[in-house]
Amino acid sequence: MAIITPSQLTFNGEEARQLSEVIFEKEFTNPEIGLFHDVVEGIKSKKQIAYMTQLSGLLGAGTNSCDPTSASNTITSSQKFWMPEPMSDRITICYSDLKESFINYSLGNGVKEADLTNVDFFNYVANVLMKYKVYEAALRLAWLGDTDAAATDDSPSGDLTAGTNAAYFNKIDGLWKQIFAIVAADASRKTTNLTSKNGQATFALQAFNSTDTSNKVAMNTFQELLYGADLRLQEQPDLVFVCTKSVQDQYTRELKASNVAYTTERYENGITVVKSDGIEIISFSLWDRIIKTYYSNGTKYLLPHRAILTTRKNLGIGFDSVGSLAEFELIYDPVTKKNHIDFAVNMDAKVKEDYLIQVAY
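All figures in this text were calculated on a predicted structure; none of them were measured in a lab. (Residues numbered from 1 in each chain as written. Predicted model: local features only at pLDDT ≥ 70, side-chain atom pairs only at ≥ 80, totals over all residues. Heavy atoms only, no water.)

Undergrad: Could you clarify how one ought to interpret the overall build of the chain in this entry?
TA: Regarding its fold elements, the chain presents 9 helices and 14 strands. The C-alpha extent of the chain, read off along each of the three principal axes, is 95 × 55 × 45 Å. For the chain, the residues scored as buried account for 42% of the 361 residues in total. Pairs at least 24 apart in sequence give 79% of the contacts found in the chain among residues at least 6 apart. With the model as given, the accessible surface of the chain reaches about 19300 Å², and the carbon-plus-sulfur share is 50%. When the 34 positive and 44 negative side-chain charges of the chain are each reduced to one mean point, those points stand 2 Å apart. (Helix = DSSP H or I, 4+ residues; strand = E, 2+ residues; numbered from the N terminus. Buried < 20%, exposed > 50% of the residue type's maximum accessible area, 1.4 Å probe, protein only. Contact = heavy atoms within 4.5 Å. Areas by Shrake-Rupley, 256 points an atom, 1.4 Å probe, with all protein chains shown as cover. Lys, Arg positive; Asp, Glu negative; His and termini not counted. Charge placed at Lys NZ, Arg CZ, Asp CG, Glu CD.)

Undergrad: Whenever I open this one, helix α8 (residues 245-257) confuses me. Can you help?
TA: The first and last C-alpha atoms of α8 sit 18 Å apart over 13 residues, in line with the 18 Å expected at 1.5 Å per residue. Those residues of α8 not exposed but buried are S246, V247, Q248, Q250, Y251, T252, E254 and L255. On its buried face, α8 sits against α5 (210-214), α6 (217-227), β6 (239-243), β8 (272-276), β9 (279-283) and α9 (285-294). Phi turns positive, to about 55°, at N259, one or two residues after α8. (Expected span 1.5 Å × (residues − 1).)

Undergrad: Please explain the packing of aromatic side chains as it appears in this structure.
TA: Taken as a whole, this structure holds 14 aromatic pairs when the rule is applied. On the basis of an interplanar angle of 65° and a centroid distance of 4.9 Å, the ring pair of W143 and W287 is categorised as edge-to-face. Taken as a pair, W143 in helix α1 (residues 120-144) and W287 in helix α9 lie far apart in primary sequence, 144 residues in all. The same class applies to W143 and to W287, which are both buried. Across the ring face of F81, the terminal group of K46 is positioned such that the distance to the ring centre comes to 4.5 Å. The residue whose ring lies beneath R140 is F169, and the NZ or CZ to ring-centre distance is 5.5 Å. (Phe/Tyr/Trp six-rings, centres within 6.5 Å; stacked < 30°, edge-to-face > 60°. Lys NZ or Arg CZ within 6 Å of the ring centre and 35° of its normal.)

Undergrad: Explain the sheet that holds strand β10 (residues 307-311) to me, please; I cannot follow it from the model alone.
TA: Within a sheet, neighbouring strands are paired by backbone hydrogen bonds and run either parallel or antiparallel to one another. Spatially, 7 strands are ordered β5-β14-β10-β6-β9-β8-β7 in an open sheet, and the strand pairing comes out mixed. Strand pairing shows two members of the sheet lacking a second neighbour, β5 (190-191) and β7 (265-266), which therefore form its edges. Docked against the sheet, α6 engages β5, β6, β8, β9, β10 and β14 (357-360), running at close to 35° with respect to β10. (Pairing = 2+ DSSP bridges. Axes fitted to C-alpha atoms, helices over the stretch in contact; angles between N-to-C directions.)

Undergrad: Explain the pattern of salt bridges to me, please; I cannot follow it from the model alone.
TA: As enumerated under the stated definition, the model contains 16 salt bridges in all. Between K313 and D38 there is a salt bridge; the shortest N-O distance is 3.8 Å. Separated by 275 residues along the polypeptide, K313 in the loop between β10 and β11 (315-319) and D38 in strand β1 (residues 38-40) bring together distant segments of the chain. (Salt bridge = Lys/Arg side-chain N within 4 Å of Asp/Glu carboxyl O.)

Undergrad: What is the right way to look at the packing of α1 against α9 in this model?
TA: Two numbers describe a pair of packed helices, the interaxial angle and the distance between the axes. Interaxial distance between α1 and α9 falls to 11 Å at its minimum, and their mutual angle equals 80°. The angle between α1 and α9 places the two elements in the roughly perpendicular class. Of the residues in α9, those in contact with Y132, E136, L139, R140, W143 and L144 of α1 are L286, W287, R289 and I290. Broken down by class, the residue content of the contact of α1 with α9 amounts to 7 nonpolar, no polar and 3 charged. (Parallel < 35°, antiparallel > 145°, perpendicular 65-115°, else oblique. Nonpolar A, V, L, I, M, F, W, Y, C, P; charged D, E, K, R; others polar.)

Undergrad: Is there a simple way to think about the pairing of strand β12 (residues 329-333) in this case?
TA: The side chains of a regular strand alternate between the sheet's two faces. Examined bridge by bridge, β12 and strand β13 (residues 338-351) share 5 bridges and lie antiparallel to one another. Residue pairing in the sheet places E329 in a bridge with D342 of β13. Linkage of β12 to β13, two consecutive antiparallel strands, is achieved through a turn of 4 residues, within which K337 is found at a positive phi near 60°.

Undergrad: Explanation requested: a nonpolar patch on the surface in the structure shown.
TA: A cluster of nonpolar side chains, contributed by M52, L55, L59 and I75, occupies part of the molecular surface with about 470 Å² of accessible area. Counting through the fold element by element, L59 comes out in the loop between β2 (47-52) and β3 (77-82). (Patch = residues over 30% accessible without salt bridge, like charges linked within 9 Å, V, L, I, M, F, W, Y side chains within 5 Å.)

Below is the structure:
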């Protein structure tokens, strides 16, 4: 399939002649990867993450007598493993697919016409469009990856929207799948404020409404996340709420309806932040977009409203090199007269400490 369809633009020889004259669709806003993730590099193969508990039980039962009895306190060890898997793809462009468009003006002459490696459009695809999509793909996989991913029309069926290629999701088990496992092992890690809304039977019923605003569903969610969390999480200095944009939007509606004064901050990349109990609430609209497009059974979405309280270092994303997200190999093959843009990165994601997370979904 050609990367563009020239017939979609009228070409009479004197229309747009330069890439700078083209208005490209605006990108969605994604957070800088280190905003609430711990980015770990050098993850090229299976690598152990070792854990040890504090000393168990109490100390101080002795009377300082001769030949005292030794205490029975112990330290328990456990482990997780980084298990990086490759994520890669290739975009192929043939110069003949571009000739009936304004890009024709940028092509070389003679035998050089087929070589796009010095053509501004080709480099824009690699260095701007691909860079954005690869970065977003890494965030998508880190959060919504599932090695058991399958579409609703697959056999056996899964949760992905019918027709979705599971290969875009099944490289690793992402942070959400790990969170679901954490909650299954310890139900106290989940607060239930969003459960009823997520469990509704249709898209329309899953949407927040005025009753939810009156009941302060989002405000109560953030309160319960904080006060229902493990005490060790509550005491951390770098707490952060991360949520779907649907939940942050509902939170601001409720603040307005309750006449509660609040301020918003805007990071340089366009991420909007509000606060609850002095803790930043960062909306992650990528979750909303992926869920609404790729996690629908045609009637309802899979858990469209989600929120997490954790620390900024507890959500790990590991790469062989984070620089690989922006490194592309541009190849011209004179035999086939095709141009390729390749990327590849090895990655994995880990919730580092299970008790340092409190979730609502």
